[in-house]
Amino acid sequence: MTTQEARELVKSPMWQMVRDRFLATGDFAVYPSGDLRRLEYLDPATRKMVSLWMEAIAKADDWKKIVDGARVRELKERYPGIYPDVFRYQAYFAKYKDSPGCEDAVKLLLKLKFPEAYEICCC
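Keep in mind it's a predicted model, so treat the numbers as computed, not measured.

A. The packing of aromatic side chains, seen in detail. Applying the stated criterion across every chain yields a total of seven aromatic pairs. Aromatic side chains Tyr 89 and Tyr 92 sit 6.2 Å apart centroid to centroid with 40 degrees between the ring planes, which places their arrangement in the tilted category. Here Tyr 89 falls in the buried class, since its relative accessible area comes to 19%. On the accessibility criterion, Tyr 92 (47% relative accessible area) is partly exposed. One aromatic cluster in this structure is built from Trp 63, Tyr 79, Tyr 83 and Phe 87.

B. Quick peek at the layout of surface pockets. Of the volumes computed, that of the largest pocket is approximately 170 Å³. If you go around the largest pocket, the residues you meet are Ile 57, Ala 58, Asp 61, Gln 90, Phe 93, Ala 94, Tyr 96, Lys 97 and Pro 100. Class assignment for the residues of the lining of the largest pocket results in six nonpolar, one polar and two charged.

C. Structural view of the packing of helix α3 (residues 44-63) against helix α6 (residues 103-113). For the pair α3 and α6, the least separation of the axes is 11 Å and the interaxial angle reads 115 degrees. When the interaxial angle is binned, α3 and α6 end up roughly perpendicular. Crossing of α3 against α6: the hand is right-handed. The segment α3 lies against α6, with Val 50, Trp 53, Met 54 and Ile 57 engaging Ala 105, Val 106, Leu 109, Leu 110 and Lys 113. Split into classes, the residues belonging to the contact of α3 with α6 amount to eight nonpolar, no polar and one charged.

What counts as what
Residues numbered from 1 in each chain as written. Predicted model: local features only at pLDDT ≥ 70, side-chain atom pairs only at ≥ 80, totals over all residues. Heavy atoms only, no water. Phe/Tyr/Trp six-rings, centres within 6.5 Å; stacked < 30°, edge-to-face > 60°. Buried < 20%, exposed > 50% of the residue type's maximum accessible area, 1.4 Å probe, protein only. 1 Å grid on protein atoms, 1.4 Å probe; cavity = no way out; pocket = protein on both sides within 12 Å on 5 of 7 lines; lining within 4 Å. Points joined across faces, edges and corners; volume = space filled by probe spheres on them. Nonpolar A, V, L, I, M, F, W, Y, C, P; charged D, E, K, R; others polar. Axes fitted to C-alpha atoms, helices over the stretch in contact; angles between N-to-C directions. Helix = DSSP H or I, 4+ residues; strand = E, 2+ residues; numbered from the N terminus. Parallel < 35°, antiparallel > 145°, perpendicular 65-115°, else oblique. Left-handed = near helix turned anticlockwise from the far one by under 90°. Contact = heavy atoms within 4.5 Å.

Now the structure itself:
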């Protein structure tokens, strides 16, 4: 990292996230724009929600077949704010059906559901 790049980093909003991650882990890493390792800069709650959404997208086809009330309540409890909303987003991820956790699918999810995280990770 050059001196100029370091100055730009310290001036940017990314600095607080990089600094906080360094203080928590002892690992100083600045990932380039578009690198999904930038997800590490996000707070744990956001990372968990992204993970749950990706899991839900992968399972949505199977979930459409569930009609048992107890199972539906269980899914709503395990995936709050995700189930049954995941069905509205399923069409966007149809082309990633064979690889639901691929980088492009994660970026699309961030763009649709987590615009602040998208800005951090992809811009």
